[in-house]
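Reading the structure
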Amino acid sequence: MSTTSTTSTSTTPDSLTHYKEDELQNLPVSKLKELITNGGGSYASCFEKSDFVERAKTIRSSMQALAKPSHETVYKEKVDFYELLGVPKTATKNEITKAYYKLAKEYHPDKNKNDLYAEEMFKKVSEAYQVLSDEEKRKRYDEYGLDSVDSMEIDPVELFRMIFGGGLFQDYFGDLSFYGIFAKQTTGEPLTPEEQMKEQEEALKIRQERVETLTKYLEIKVEPFVQGNKQEFERMVTDEAKEMAAAPGGLDLLSLLGYIYIQEAKQHSLFGFFHEISEKGHKAKEIVGFVSTALKMQKSLEEEGALDEVSATGMPTYKQETMFKEGLKLVWKMGRLDIDGVVREVCERVLGAKGVDKKVLKQRVEAVKLLGKIFEKHGKPGSDINLIINQLNSPPQSKP
């Protein structure tokens, strides 16, 4: 590789890998020629600027592929979590979260289809975030390093938060109702009727508090619109939606929330009664989908003898993976039903609040409708469940 001299210092030629793909479009043709040549390519058949850009993109992709280690190497390699996220050991939780979402967006499977390297990097970045964003796990990691990670038990609540938007949707639907159930299943012993009654009462209380908190959040969210700052409201929500779309399950969750907000706004409009009737069909479809997935999961368990407490480690790996995916689909559908019920109740409180001026309520309806339209625009219904499966670490497997 040739070098050019500037006085007594030698510099390395500029490379296509120094530029993002979308930046190449803004470079002049002379620069593109230089970069193509430095990359070992030829632009002899290029005439229009678009030809040079496409040639540069092709060479850049080849250079990146050659520079990247194999996904097997990435899988086996142990990297310090702070170095992986690019943050100092003194980083705050907010700094860690920002670093995670930046990398998660870069390695997101939706943007790197059939790229095993990106998939492994996404898993490693997610693992680093799960540890460093948890105060107790981070403390153990700081003390014992990577050796402490293998011994850490998976926190089901944290896992579910990662599945349902990685925490970016907390102000919209909070912690789902079944989080607490999984968190308390530590002994495996059946509950007495008295204990079951107590847990149900506690669950209802928690749900009530959740709805009250989310109601306040939604009122605060739409207040700029109500006060007449409609453009600022639209800009703020659009920026937020773009960030939320990159989170695990983000596209599907945005689409779901968007649909609910639009339908709830319609139900509080002039012809709300007719929209309410049509919504019953939508809810019935969601419930049928949930029951269907549950039955499919039960059938898989019965076929493998898992309901008779046969050890999962005796199953072939592909069977474990199938059961894991079916279980995740069941959780996803259960979560959608929970979100649907809670968000609708929140909307009812915000849009139908007693003692609030009718003009204010009308503005709230318009704000929620716009919120729904923006979320639907940046979402994608039913698109993320398989991506989520790829985003999460595979089920634990016995080490060789």
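Let me sum up the structure you'll find in this document. These figures come from a predicted structure and were not determined experimentally.

So, on to the side chain of Ser255. Tracing the backbone shows Ser255 in helix α13 (residues 250-267). Exposure remark for Ser255: the relative accessible area of 10% places this residue in the buried category.

The next thing to look at is the pattern of salt bridges. In this structure the tally under the stated criterion is 14 salt bridges. For Lys31, the salt bridge goes to Asp14, with nearest N and O atoms at 2.9 Å. Remark: Asp14 occurs in the loop between β2 (9-11) and α1 (29-38) and Lys31 occurs in helix α1; sequence separation between them is 17 residues. Salt bridges sharing common partners tie together Asp14, Lys31 and Glu34.

What follows covers helix α6 (residues 116-132). Taking 1.5 Å of rise per residue, 17 residues should cover 24 Å, and α6 covers 24 Å from first to last C-alpha, within 8% of that figure. Counting buried positions along α6 yields 14 of 17 residues, so the element is predominantly enclosed.

Another point: the nonpolar core. Within the largest apolar cluster, 45 residues are counted, with the highest numbers of intra-cluster contacts made by Phe164, Phe173, Leu257, Tyr261, Ile339 and Phe375. At the level of elements, α8 (156-163), α9 (170-173), α11 (193-226), α12 (230-245), α13, α15 (317-351) and α16 (358-378) are the ones that each hand at least two residues to this core.

Time to look at the environment of Lys362. Relative to the helices and strands, Lys362 resides in helix α16. Spatially, the C-alpha atoms of Lys362 and Ala265 are 9.4 Å apart, while their sequence positions differ by 97 residues.

Centre distance and the angle of the planes are the two values used to describe a pair of aromatic rings. In the structure shown here, the tally under the stated rule is nine aromatic pairs. Ring geometry for Tyr43 versus Phe52: centroids 5.8 Å apart, planes at 45°, classification tilted. The interplanar angle of 15° and the centroid separation of 4.8 Å between the aromatic rings of Phe81 and Tyr141 together place this pair among those described as stacked. Taken as a pair, Phe81 in helix α4 (residues 81-85) and Tyr141 in helix α7 (residues 135-144) lie far apart in primary sequence, 60 residues in all. With a relative accessible area of 4%, Tyr141 lands in the buried category. Taken together through their ring pairs, the aromatic side chains of Phe81, Tyr82 and Tyr141 make up a single cluster.

So, how was this worked out
Positions within a chain are numbered from 1, following the residues in the order the chain's sequence is written. The predicted nature of this model means local features are confined to residues of pLDDT at least 70 and side-chain atom pairs, given and counted, to a pLDDT of 80 or more, with totals for whole chains, interfaces and linings taken over all residues. In computing side-chain properties, one takes all heavy atoms of the structure into account and sets aside hydrogens as well as water. Secondary structure elements follow DSSP: runs of H or I of four or more residues count as helices, runs of E of two or more count as strands, with numbering from the N terminus. Each residue is placed in one exposure class: buried if its accessible area under a 1.4 Å probe, protein chains only, is under 20% of its type's maximum, exposed if it is over 50%, and partly exposed if it falls in between. Only one rule defines a salt bridge in this text: a Lys or Arg side-chain nitrogen within 4 Å of an Asp or Glu carboxyl oxygen. Helix span is expected to be 1.5 Å times the residue number reduced by one. Nine residue types can take part in a nonpolar core, namely buried Ala, Val, Leu, Ile, Met, Phe, Trp, Tyr and Cys, and a core is a set of them joined through side-chain atoms within 4.5 Å. Only the six-membered ring of Trp is used, alongside the rings of Phe and Tyr, when aromatic pairs are assigned; centres must lie within 6.5 Å, and planes under 30 degrees apart are stacked while those over 60 apart are edge-to-face, with the rest tilted.

Interpretation in functional terms is not warranted from these geometric data alone.
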